[in-house]
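Coordinate inspection notes
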Amino acid sequence: MRQASSVSSGGYYKDSPESGAWFSLQDLDRTEAYWKRVCKADEMQDKEKKKDENSSKSDRVTLKKEIGLLSACAIIIGNIIGSGIFISPKGVLEHAGSVGLSLIVWVCGGGICALGSLCYAELGVTIPKSGGDYSYVTEIFGGLVGFLLLWSAVLIMYPTTLAVIALTFSNYVLQPAFQNCLPPFIATRLLATICILFLTWVNCSSVRWATRIQDVFTVGKLLALVLIIVVGLIQISRGHYDALRPSVAFEFSEDPSVGQIALAFLQASFAYSGWNFLNYVTEEVVEPRKNLPRAIYVSIPLVTLVYTMTNIAYFSSMTPEELLASNAVAVTFGEKLLGMFSWVMPISVALSTFGGINGYLFTSSRLCFSGAREGHLPYLLAMIHLKNCTPIPALLLCCIATIVILCIGETHNLINYVSFINYLSYGVTIAGLLYLRKKRPNLARPIKVNMLVPITYMIFWAVLLGFSLYSEPVVCGLGMVIMLTGVPVYFVGVQWKEKPKWVYRLLVTYMGQKLCYVVFPQEDTSETEPLTKCYQLRECHCELFQGA
C-alpha cells in the first residue's frame, strides 16, 4: 500500500520519503483511469467466460443442479408422507394403549425429527456431499462404519421401505374393485412391480421429469390429507369428538410400559422416515447452503402439523377399536364420512404413495452412487448416463432389490427392522456431529446449531433404542445382525486390494457401461471462485508503485 506522500508546491508528490521518484497529479489521474479501463475490460472478459462456461455446462457429463427450494421441500415432504400415515396410526395406537398418548407420540415424534433435521442441516453444509448419513459417517469415522450403514441401507432398509410403499399403493388402487375381500396376492405384487418399473424408467430418463413428478404428487398428497383434516374438523364442530375428550382419551386397557411407548415411537418413526433425504442429493441442490436448511425449516413443522391433525381427524369418526380393526385406515374413514364419494380416499392414498415411491427411488439411488464413488460398491454404480446424466446402474440396483423383496412374501413384519436400523443410523450420524465439533472446532460451519440440540436428540435416541432392545430383543437383535454381516464383506470387498482378475470380471463394469451407456461423471469446479484478474492487476500496480 502507498505510504503518506510529500506534495511539492508545483503539484507533484513524492511516493515515499525513501523514494526519489516524483509523480504529478495528472499522471495519477491518468494511471487511475487506465486501471479502471483495464478492470472494466477484464470484467467484460469474465462475463464472456461465464457465458461460455454456462453454455458448456449442458455438455458436461455430471449430476445437474436442478433442485430448487420448491423441489427440495417436495423431496422432504414427499419422502416423509408416503404410506406411513396410512399404516402407522394402527401400530402407534396399539403400542401406546390410548388415544391421548398416541397423539403425544405423534407430536413428540415430529419434534424429535425437527431436532435431528437441524443437526443434519449443519452436517449438510459443512460436508457438502451427496449420500447423507453414509457420506458424513464415512468422512468422520472412517470407511468401516460408513460401509455398515451403506450395507444395511442397500440390503434391507430402502428396498423394504420401497416394497411396503409399493404394496400400499397397489392395495389402495385395487381396493375399489375388491370391496368385500382383500385384493389377490398376485395382483398386488404385479401392480407394485409395474409401478416400480415405470418410476425407475422415469428416473433413468430425466432428473427434471422425476422432480416434476415429485412436485405434483407432493401437492396431491397434501391435498388428500387436507381433505381428511377438513372433514375431521367438520365432525368435531358437530360434536363428534368423544374419543378425544381427556377423560376418554387417556383410558388405558392396561398400564403402558416404557418399552411399549418406545415401540410406539418406532412405529411413528416409520411414518416420519425420510426427513433426512434431501441430504442424499446435496450435490444436485441449487445453492445448497441456503436451500438445504430453508427446505428443512419449512417441511418438518408442516409435516408434524399435518400428521397430528390427520390423527385427530381419524379419531373424530372412528373409535380406537375400529381403527385397530381396520387394514386401511383412510378407506375406513372415507367409507364412514364421504358416502358415495368414498372412492376419492383410496385414489388419493394411491397417488400419495406413488409420489413416495418416486422420492425413495430418486434418493436411494444417489446413496448407491455415493457409495460406489467412495469405492464401497462396484464402480459401475458410480457412473451416469452419457446424455441424460442420471445414475442408471444405481437406479436399476434399487429397482431389482425392491422387486426381490416383493417376491419374498410378507413385508409388513420388516417395518420394525427398518425402523430400528433407521434410528441406529440417525444416532451414529449425530454422534459424528458431536465428535466433529470436538476434533475440528475451527472447521467452517455456515450453520452451527446449539449443542443442546444434538445432545437432546442423543439422549432420546439412547433411551428409545435401549427400551426397544429390552422389549423386542429378537427384532432389534436381527437388525444388528443384518448390519454386522457387512463386516466380512467390507474386508473382502473393500480392504482386499489385490483381488484375482476373475473377481473384477464378475463385476462386469465394461459390459455394464456398454449396456447402460454410462461413464464416470466429470468434476464440476464451476462454483469455485478464484481471484479475478482485476484484483491481481491491482496488486501488481501497488507493487510497482512501492518499488518505484
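Before reading further, recall that the structure is shown in the block above.
The present account deals with the structure reproduced in this document. Quick caveat: nothing in here was measured; it's all calculated off a predicted structure.

Observations regarding the packing of helix H8 (residues 207-237) against helix H11 (residues 288-317)
Contact geometry for H8 and H11: axes closest at 8 Å, N-to-C directions at 45°. The orientation of H8 relative to H11 falls into the category oblique. Crossing of H8 over H11 shows left-handed handedness. Residue-level inspection shows Leu 222, Leu 225, Ile 228, Ile 229, Gly 232, Leu 233, Gln 235 and Ile 236 of H8 in contact with H11, the latter providing Leu 302, Val 306, Met 309, Thr 310, Ile 312, Ala 313, Tyr 314 and Ser 316. Here the residues of the contact of H8 with H11 sort into 12 nonpolar, 4 polar and no charged.

Re helix H4 (residues 99-126)
For H4, with 28 residues, the first-to-last C-alpha span of 41 Å sits near the 40 Å given by 1.5 Å per residue. With 21 of 28 residues buried, H4 is to be regarded as a mostly interior element.

Structural notes on the packing of aromatic side chains
Inspection of every chain in the model, using the stated rule, returns 21 aromatic pairs. Relative to Tyr 426, the ring of Trp 275 has its centre 4.7 Å away and its plane inclined at 50°; by these criteria the two rings are tilted. With a gap of 151 residues between them, Trp 275 in the loop between helix H10 (258-272) and H11 and Tyr 426 in helix H16 (residues 415-439) connect regions that are remote in the sequence. Summarising the aromatic geometry, the rings of Tyr 490 and Phe 491 are spaced 5.5 Å apart at their centres and angled 80° between planes, so their arrangement reads as edge-to-face. Residue Phe 491 is classed as partly exposed on the basis of its relative accessible area of 44%. An aromatic cluster is defined as three or more aromatic residues linked by ring pairs; in this entry it consists of Phe 169, Phe 198, Trp 201, Trp 209, Phe 217 and Phe 354. Between Arg 366 and the ring centre of Phe 362, over which it is positioned, the NZ or CZ distance is 4.1 Å.

So, helix H18 (residues 473-484)
Taking 1.5 Å as the rise per residue, H18 with 12 residues should run 16 Å; its terminal C-alpha atoms sit 16 Å apart, in good agreement. Of the residues making up H18, those classed as buried are Val 475, Cys 476, Gly 479, Ile 482 and Met 483. The arc that holds every buried residue of H18, seen down its axis, measures 115°, which confines them to one face.

Here's the deal with the environment of Ile 405
Tracing the sequence through the fold places Ile 405 in helix H15 (residues 392-408). Ile 405 sits in the buried class, given a relative accessible area of 8%. Separated by 242 residues in sequence, Ile 405 and Ala 163 place their C-alpha atoms 6.6 Å apart.

The rules we used
- Residues numbered from 1 in each chain as written.
- Predicted model: local features only at pLDDT ≥ 70, side-chain atom pairs only at ≥ 80, totals over all residues.
- Heavy atoms only, no water.
- Axes fitted to C-alpha atoms, helices over the stretch in contact; angles between N-to-C directions.
- Helix = DSSP H or I, 4+ residues; strand = E, 2+ residues; numbered from the N terminus.
- Parallel < 35°, antiparallel > 145°, perpendicular 65-115°, else oblique.
- Left-handed = near helix turned anticlockwise from the far one by under 90°.
- Contact = heavy atoms within 4.5 Å.
- Nonpolar A, V, L, I, M, F, W, Y, C, P; charged D, E, K, R; others polar.
- Expected span 1.5 Å × (residues − 1).
- Buried < 20%, exposed > 50% of the residue type's maximum accessible area, 1.4 Å probe, protein only.
- Phe/Tyr/Trp six-rings, centres within 6.5 Å; stacked < 30°, edge-to-face > 60°.
- Lys NZ or Arg CZ within 6 Å of the ring centre and 35° of its normal.
- Arc of directions from axis to C-beta.

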